[in-house]
Amino acid sequence: MYDNYASGSNCLIRMENSEGSIHNNKIVNSSDEDVSLIESFTQEYSTRTGIQLSDSKGEIYDNSISRVCANGISLINGSDASVYRNNVTGAYNHGIAAYDSVISVSENTVSDVRVNGIYLDHSSGRIKENNIADTSGQGISLKDSKAEDCSGNIIFETDKNGVYLSGKSSAAVTGNIISQTGYNGISAGANSSLSASDNNIRNTVQNGIYLSGAKADIKQNRITASEVNGIRCVNSAHADISGNMITASQSHGISFNENADGIVNNNRVMLSSLNGISIYSRCSPEVTMNTVSSSGGYGFVLSGHASGLIMENDIIESRKNDIRIADKCSDVKICNNYTGKGSISVSKDSKSEQSGNVTYSRYVSISKISSKSYSGKNITPDVKIKFGPKTLKKGRDYTLSYSGNNSIGTASVKIKFKGGYAGAEKASFSIVPQKQIIASVKSSKKGCMTVKYKKDTKASGYQIQYSLNKSFAKGNKSITASGTTGSVNGISAGKTYYVRVRSYKKVNGKNYYGFWSDARSIKIK
């Protein structure tokens with residue numbers, strides 16, 4: 001059936017126990033009384049539906065359906081149809097619905113519907129590349145149904161969830177754009193199974209992705225500006241959450257509650273208003289290799305008998321502690337994390353096992369401190385410290401304390417962070433003998449020269465270096481001497497040599513060499 005126009009109070013196209021196509025029709029404002037291809041058909045699903053298939057097979061495409069009093073398009077009673085390139089607007093119930101049927105839904109535009117944009121009830125199918133906007137219910141809703149491919153859809157301004165799974169539903173939700181939903185971007189209830197990947201979810205009134213008792217793989221999604229959590233798992237949900245980027249959640253980036261568990265791996269969680277990753281109420285996920293930055297509260301928080309493994313995560317610039325353990329938590333293992341503040345807080349009624357956690361080592365860079373000349377006094381060089389590209393300020397961001405800094409050898413500097421930073425780091429520098437001074441250089445016989453220099457009471461010995469190269473860039477040779485005079489033999493007669501001297505002191509088996517004297521030149525006899 002095609003190229004029909006139906007309007008007024010009685011508008012309906014139905015196909016029962018048949019095979020065919022319905023296309024290029026315009027249907028407006030259907031109501032209780034049916035105009036039907038099959039006059040004997042009185043199934044309850046037919047009431048006020050724009051186009052309906054019952055126990056039929058076919059295609060429904062390029063139709064325009066508006067202001068119908070029930071569903072725009074319905075499949076019932078074991079129908080099997082491809083529904084594509086239709087425009088459904090103003091449906092009082094669902095835009096496109098399938099009951100106990102098989103449906104392929106693609107490239108449709110569904111808008112301004114009173115319940116769900118696309119609805120599957122005890123059905124299966126594919127839902128691809130549809131534009132769904134302004135629904136009073138869900139954008140896409142599955143009840144005890146299977147959508148093996150729900151991809152490439154644009155879902156905008158739904159009063160409830162963008163995609164919703166209930167009952168024993170399963171779906172692969174991939175590559176969709178979901179924004180401005182009244183509830184969650186994607187929601188999966190108890191007994192449902194969800195695979196959600198590569199979706200772009202933003203500006204949800206509740207959570208970006210919400211799992212309540214569901215099993216789910218949540219991978220490589222981008223979730224931005226959720227008004228509650230980026231990803232929330234509750235009621236014994238089990239989730240594998242990996243490779244997601246979660247930004248600017250108004251509560252937590254990732255949250256577990258009420259016996260939920262799973263694996264949280266390699267996610268990036270940024271700018272959460274409260275905590276980066278929160279684990280509550282007897283939850284026990286494994287949380288590994290995530291980057292959590294700029295949280296308004298804690299980087300990680302575990303509370304309420306929670307447990308789990310927190311390992312190899314990067315925690316940067318949390319406003320409070322990097323990790324907080326409280327309210328009777330036990331069996332918490334915290335190991336090999338890189339922490340921005342270096343602060344792990346554990347309440348008295350909780351226990352944790354901690355090992356291998358490192359403060360700032362991947363984010364703080366400490367400039368190398370050059371060797372300093374021995375002076376007999378305490379030597380306190382400044383230290384240049386950066387957090388990423390930001391240069392920290394001494395006194396405001398950190399303080400310095402020194403040890404072993406008044407004798408030749410290795411001195412230590414302890415850097416203690418403060419203000420917006422916490423934890424501590426260490427640096428070191430060498431204190432070496434003073435710069436030498438050459439008193440004289442003479443060549444009194446052929447192929448020889450004698451060098452005299454200043455006595456250094458702190459030195460173990462002296463090194464004399466000579467070369468035909470004025471800048472000592474190559475061809476250098478050295479000898480050592482224990483006294484203040486050194487003799488060099490067997491050098492080329494008639495050549496001009498350059499010579500310099502430095503003191504050294506042996507401390508704990510290591511030679512600390514002082515600064516070279518100014519070079520002197522001499523022509524050898």
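Quick caveat, the model's predicted, so the values are computed rather than measured.

1. Things to note about the packing of aromatic side chains
Line of reasoning, step 1. Applying the stated criterion across every chain yields a total of five aromatic pairs.
Line of reasoning, step 2. Look at Y61 and Y84: their rings are 5.0 Å apart centre to centre, the planes differ by 5°, and that puts the pair in the stacked class. One end of the pair, Y61, is in strand β6 (residues 57-61); the other, Y84, is in strand β9 (residues 80-84), with 23 residues separating them in the sequence. Across the pair, exposure class does not vary: Y61 and Y84 are buried alike.
Line of reasoning, step 3. On the numbers, 5.0 Å between centres and 45° between planes, the contact of Y453 with Y462 is tilted.
Line of reasoning, step 4. The class of Y453 is buried, set by a relative accessible area of 5%.
Line of reasoning, step 5. Seen from the ring of F472, R500 lies directly overhead, with NZ or CZ sitting 4.1 Å from the centre.

2. Some thoughts on the confidence of the model for the protein
Line of reasoning, step 1. Chain-level pLDDT for the protein is 89 on average; 91% of the residues reach the 70-or-more range.
Line of reasoning, step 2. Strand β1 (residues 5-6) is the least confidently modelled element of the protein, averaging 44 in pLDDT, while strand β20 (residues 163-166) averages 98, the highest of any element.
Line of reasoning, step 3. Confidence drops under a pLDDT of 50 for residues 1-11, and excluding neighbours within four residues, the segment shows 37 contacts in the predicted structure.

3. Concerning the pairing of strand β5 (residues 51-54)
Line of reasoning, step 1. Neither face of β5 is open: one carries I51 and L53, the other Q52 and S54, and all of them are buried.
Line of reasoning, step 2. Bridging between strand β2 (residues 13-16) and β5 involves four bridges; their strand directions are parallel. For I13, the partnering residue across the bridge sits in β5 and is I51.
Line of reasoning, step 3. Sheet topology note: the β5/strand β8 (residues 73-76) ladder contains four bridges and is parallel. In the sheet register, L53 faces β8, and the bridge partner there is L75.

Thresholds applied
Residues numbered from 1 in each chain as written. Predicted model: local features only at pLDDT ≥ 70, side-chain atom pairs only at ≥ 80, totals over all residues. Heavy atoms only, no water. Phe/Tyr/Trp six-rings, centres within 6.5 Å; stacked < 30°, edge-to-face > 60°. Helix = DSSP H or I, 4+ residues; strand = E, 2+ residues; numbered from the N terminus. Buried < 20%, exposed > 50% of the residue type's maximum accessible area, 1.4 Å probe, protein only. Lys NZ or Arg CZ within 6 Å of the ring centre and 35° of its normal. pLDDT = per-residue confidence, 0-100. Contact = heavy atoms within 4.5 Å. Pairing = 2+ DSSP bridges.

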